[in-house]
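# Coordinates in review
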Amino acid sequence: MSGDVSKREWQRPAADRRREQLYEYGLFGCATLTVAITVGILYTLFSDALYFFQAYAGLLDGSITGALSEFVTGRNWRPTIRPYSYGLLPLLSGTIVVTVAAAAIALPCGLGAAIYLSEYACPTTRAYLKPALEVLAGVPTIVYGYFALAYVTPFLDRFLPLSTFNALSASIMMGIMIVPMVSSISEDALSAVPDSLRHAGYGLGATKFDVSVRVVVPAAFSGIISSFILAISRAIGETMIVTVAAGQNPKMLILDPGRLDENLYDSIQTITSAMVQAAGSDTAGGTPVFWSMFALGMALFVVTFAMNLIADAVQRRYREVY
Amino acid sequence: MGTRIDEREWVGRSSVLASVRGAAFEYTCLGAALFGIVTLLVLLAYVTVDAIELREADPAWFAIVGLTFVLPVTLFVRRIWGTPAADVAKTSVGGVLLAAGLGGFLIVAFTIVTPSVWAAYVLLAVAPVIVAARYGDRFERLDGTGPLVMATVVLGVIAATALLGPITTVLGMAKSWVLYLLTATVPVAGALLWWARARDDRAATVAAWLVVGATVGLGLLVEVGVLETAGAPIVFSLGFVVPATVVLGDGYRRGPAARIGLFAIPILLGGAVAAVAVSWSLGVPMPGSWIRPEFFQQGPSRTPENAGLYPPIVGSIFMLIVMIVAVFHLGVGAAVYLEEYAPDTWLIRLVRINLANLAGVPSVVYGLLGLAIIARRFGFGRGTVITAGLTVGLLVLPIVIISAQEAIRSVPHSVRQASYGMGASRWQTTREVVLPEAFPGILTGTILALGRAIGETAPLIMIGAATSVSSAPDSLFGTVTAMPLQLFSWRSYFDPDFRYGVVAAGVITLLVILLGMNAAAIILRNRLEKR
């Protein structure tokens, strides 16, 4: 940023230069704080997860690696009832079910909204529609959880054999919550497609539908994919909707598309809601339940961080195309 | 942005099928965009009906409300629709509501900061800083001013804290309204008058005198014996009068045609009062709304009638204060560095990539960070105000930085070059040129981020905040609860009065506060950008 100006700095008195330096160091400190936060998160999660694996190894009379493999491949999550067992798979499958169902709503809706905003909407409609969509992301997740529990479940219960806590209504509300994330990033990608491509399409005699679907959407493909990845990452990390509306029932789900419906109608538990439950149960610290929060947090952080990095890398690519 | 080409005119004529398919696609996309919005609207309608128990309302009551409130308001809206008056009506109603909210915020904040504690800090920590800054400016000893001001801030806070006991005893002998007059009203009025002179803003002058008048008037009422204490009304008037007057003054200055919009407030208020008065005099029962004054004055309870939101509201405000103090400077500082100073090195690139990723870290993970580092390692304690405020502050810090960066980036380069050309240093350019220009954007981003923070629940649960606290916190190390946490604890009550009454009222309260903060951000930005 305006680097050539700093060459003239030597003209200033020494006191002024020292002061300028001081301010720069102070501001630099603010910026590096964000790195410190990341280091803090990593350090906390990994060191405290290690405590968990030590405690769990003691429980299993095994080694830490044994505890780790039991955590990753275990098919039971029973943190407070004997015999204790801390297997991630039930929580992971619950998370996957909710995420897939939420994505099934959010991805098409978000993409459709993005196409409408970018290709079809007149400026006035855009001016109202865009902020209205942003509002969806601004509603607190606890409110969405309450809506799911108090209104959506009783409504769906008329048609479907639902239990009070179920994955379906949580997924619907979560899908609605992440629509704006998909639509805003996808719309940026669609709007970034140069008009010359559209004109070329029209010049060939294509209809607006053909231009939108066959020219603009493929041209913005990496941006759209990046928005999908970010939205799924958000769904994986979402906590309050699933805690309030999906229940606390960790069970291995059958990840078979033909039987997905019975998974959706019943109570399940996700990684995040297991963390909330562990924090809410009476744990002063030191017990495996308490430390298990950090192991779960580590798993969650690793997955979402990796997805965010991938989305960032994918998004970077589409900017380079034009 | 799509090019406006109507395919039905010249391309689509060849094929009816293609134009049908095109239309179907367009409306499917529109439907996709509207799906979430419509669902949310329906749910909001349900929750509103439940919160004010409209289902059981008397038909006569609907008739009365329709005649005294809805009809005049509709006529008025139709009269001003599409004229400049509509704009004035919108901003004046929004501004007055926000001013009332700000007044309420100050009342809650000042229940904890008593007049004498407030006066002690103003006299020892704030006043010397202003004197030091003025002294530095007056004598143009610019290089000495920064350190001098810093030293005064630190020393003043230390002195005020150390001497708090004796000072408050001495100050406590004065009447509380006199303390407020000298340490709050007069400085506020002075700042307003200075602003009014600098910007030729007559509304600010009026606001200054109104504030002084309100304080003195309330003080006299105390002296006469009509009022017990004047603290809360004075504090409310400080928060309310200034923004309300400025917004109304703005509307007034827009000329006679736009001025009609100012009637929006009397019509709304008058309609509401008339509705209550008529239904009361005719003996028509009002619906038993769950949103009523007691709801904001009571704590948690097992019975729905006695359940209220007072401790969580105070807790949320406390956390907000901690966050503003902790996050705002850090966030703006980091954004300034990244936009104005940062060289393009691997470290800075790392910071930039990391920032985007931090914004995507799930909030429960921040809760773990708060629990392990802030609550346990720093020893701030589980579930205390400061732990909660700092944890959620860390969570929104990346959002504050990113939005501040965008605001700074949108300042045109020519402005900076002009400043450098006049011989200003980089810091002088940043402070005097870039930051004032970017300020509306920074403020908007910060308020939106704080709104997000108000709605966060999961990190608070992780740091062990109690979901239900019977009394409001009174210090930074008191146990805190927040509005979303209280909603979380109410979810497990299966009594329909709780589930569809109390919780609905809580949801409405939370959403109104969030909407208010968003509206405040937008109004502030529009107003500051106009200047």
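In this report, the structure presented in the accompanying data block is examined. (Residues numbered from 1 in each chain as written. Chains lettered and ligands numbered in written order. Predicted model: local features only at pLDDT ≥ 70, side-chain atom pairs only at ≥ 80, totals over all residues. Heavy atoms only, no water.)

### Brief notes about the packing of aromatic side chains
Remark: the centre distance and the inter-plane angle together describe each pair of aromatic rings, the angle taken between the planes. Quick note on the threshold: Only Phe, Tyr and Trp rings take part, Trp by its six-membered ring, and two of them pair if their centres are within 6.5 Å. Stacked means planes under 30 degrees apart, edge-to-face means over 60, and tilted covers everything else. When a residue's accessible area, from a 1.4 Å probe over protein chains only, is under 20% of the maximum for its type it is buried; when over 50% it is exposed; and in between it is partly exposed. When the NZ atom of lysine or the CZ atom of arginine is within 6 Å of a ring's centre and also within 35 degrees of its normal, the charge is said to sit over that ring.
Under the criterion given, the structure shown has 32 aromatic pairs over all chains. An angle of 85° between the planes, with centres 5.9 Å apart, marks the rings of A:Tyr146 and A:Tyr151 as edge-to-face. Each member of the pair, A:Tyr146 as well as A:Tyr151, is classed as buried. Look at A:Phe290 and A:Trp291: their rings are 5.0 Å apart centre to centre, the planes differ by 80°, and that puts the pair in the edge-to-face class. For the pair A:Phe290 and A:Trp291, one class covers both residues: buried. Feature note: the residues A:Phe52, A:Phe53, A:Tyr56, A:Phe71, A:Trp77 and A:Tyr86 constitute an aromatic cluster, connected by ring pairs. Sitting over the face of the ring of A:Tyr120, A:Lys208 holds its NZ or CZ atom 5.4 Å from the ring centroid. Taking NZ or CZ as reference, B:Arg426 lies 5.5 Å from the ring centre of B:Tyr341, over its face.

### Comments concerning the interface of chain A and chain B
So the rule is basically this: Contacts are assigned to residue pairs that have any heavy atoms within 4.5 Å of one another. Here the buried area means the combined drop in accessible surface, using a 1.4 Å probe, for two parts upon being joined, counting both sides. In what follows, salt bridge is the name for a side-chain nitrogen of Lys or Arg lying within 4 Å of a carboxyl oxygen of Asp or Glu. Pairs of N or O atoms are called polar contacts if they sit within 3.5 Å, as long as, within protein, a hydrogen donor faces a hydrogen acceptor (for residues adjacent in sequence, only side-chain-to-side-chain pairs). Only runs of H or I of at least four residues qualify as helices and only runs of E of at least two qualify as strands under DSSP, and these elements are numbered from the N terminus. Only Asp, Glu, Lys and Arg are considered charged in this grouping, and only Ala, Val, Leu, Ile, Met, Phe, Trp, Tyr, Cys and Pro are considered nonpolar; every other residue, Gly among them, is considered polar.
Contacts between the two partners involve 102 residues from chain A and, on the opposite side, 93 residues from chain B. Buried area between chain A and chain B, summed over both chains or domains, comes out near 8300 Å², and the portion from carbon and sulfur atoms is 72%. Applying the counting criterion to the chain A and chain B interface returns one salt bridge. Across the pair A:Asp210 and B:Arg21 runs a salt bridge whose closest N-O atoms are separated by 3.5 Å. Summed over the shared surface of chain A and chain B, the number is nine residue pairs in polar contact (both at pLDDT 80 or more). Considering each element in turn, the side of chain A that touches chain B owes the most residues, 21 residues, to helix α1 (residues 14-60) of chain A. For the side of chain A that touches chain B, the per-class residue count stands at 61 nonpolar, 24 polar and 17 charged.

### With respect to the nonpolar core
Operational definition: Nonpolar cores were defined as sets of buried Ala, Val, Leu, Ile, Met, Phe, Trp, Tyr and Cys residues, with membership established by side-chain atoms within 4.5 Å.
Within the largest apolar cluster, 203 residues are counted, with the highest numbers of intra-cluster contacts made by A:Ile41 and B:Trp490. In terms of residues, this core owes the most to one element, helix α3 (residues 89-120) of chain A, which gives 17 residues. With residues near it in sequence (within four places) discarded, A:Ile41 still touches A:Phe301, B:Leu358, B:Val361, B:Val365, B:Tyr366 and B:Leu369. Among the nonpolar cores identified, the runner-up in size contains 22 residues, and B:Tyr180, B:Leu192, B:Ala196 and B:Ala204 belong to it.

### Things to note about the side chain of B:Gln486
Residue and element names in this part refer to chain B. Checked against the element boundaries, glutamine 486 lands in helix α20 (residues 483-490). Given the relative accessible area of 0%, glutamine 486 is considered buried. The residues touching glutamine 486, leaving out its near neighbours within four places in the chain, are Pro300, Leu309, Pro312, Thr467, Ser468 and Thr481.

### Comments concerning a negative patch on the surface
Quick reminder of the rule: Within this analysis, patches are made of residues with over 30% relative accessible area and no salt bridge. Like charges are joined at 9 Å or less; nonpolar side chains (Val, Leu, Ile, Met, Phe, Trp, Tyr) at 5 Å or less. Computed with the Shrake-Rupley method and a 1.4 Å probe, the accessible areas treat only the protein chains shown as cover for residues. Positive: Lys, Arg. Negative: Asp, Glu. His and the chain ends are not part of the count. Note that the charge is assigned to NZ on lysines, CZ on arginines, CG on aspartates and CD on glutamates.
Residues B:Glu56, B:Glu305, B:Asp495 and B:Asp497 make up a contiguous surface patch of negative charge. Along the chain, the position of B:Asp495 falls in the loop between α20 and α21 (496-530).

### Comments concerning a nonpolar patch on the surface
A grouping of B:Leu34, B:Val38, B:Val42 and B:Tyr46 is seen on the molecular surface, where their side chains present a nonpolar patch of about 310 Å² in accessible area. By the secondary structure assignment, B:Leu34 is in helix α2 (residues 16-51).

### Things to note about helix α14 (residues 346-359) of chain B
Since the α-helix advances by 3.6 residues per turn, residues separated by three or four positions end up pointing in the same direction. Stated precisely, the cut-off is as follows: Multiplying 1.5 Å by the residue count of a helix minus one yields the expected span of that helix.
The end-to-end C-alpha distance of α14(B) is 20 Å, a good match for the 20 Å that 14 residues give at a rise of 1.5 Å each. Taken residue by residue, α14(B) has B:Ile348, B:Val351, B:Asn354, B:Leu355, B:Asn357 and B:Leu358 as its buried positions.

### Remarks on the packing of helix α4 (residues 123-138) of chain A against α2(B)
Helix-helix packing is described using two parameters, namely the angle between the two axes and the distance between the axes. Quick note on the threshold: An axis is simply a line fitted to the C-alpha atoms; with a helix, the fit covers only the stretch in contact. Between two such axes, the angle follows the N-to-C directions and lies from 0 to 180 degrees. Oblique is the label for any angle not under 35 degrees, not over 145, and not in the 65 to 115 range, which are roughly parallel, roughly antiparallel and roughly perpendicular in turn. Here a crossing is taken to be left-handed if its near helix is turned anticlockwise relative to the far helix by less than a right angle, and right-handed if that turn runs clockwise.
Viewed as axis vectors pointing N to C, α4(A) and α2(B) meet at an angle of 60°, and their least axial separation amounts to 10 Å. When the axis of α4(A) is compared with that of α2(B), the two are oblique. For the crossing formed where α4(A) meets α2(B), the hand is left-handed. Between α4(A), through A:Leu129, A:Ala132, A:Leu133, A:Val135 and A:Leu136, and α2(B), the contact on the second element is made entirely by B:Ala33, B:Leu34, B:Gly36, B:Ile37 and B:Leu40. Residues belonging to the contact of α4(A) with α2(B) are distributed by class as follows: nine nonpolar, one polar and no charged.

In short, the description is geometric, and any link to function would need to be established separately.
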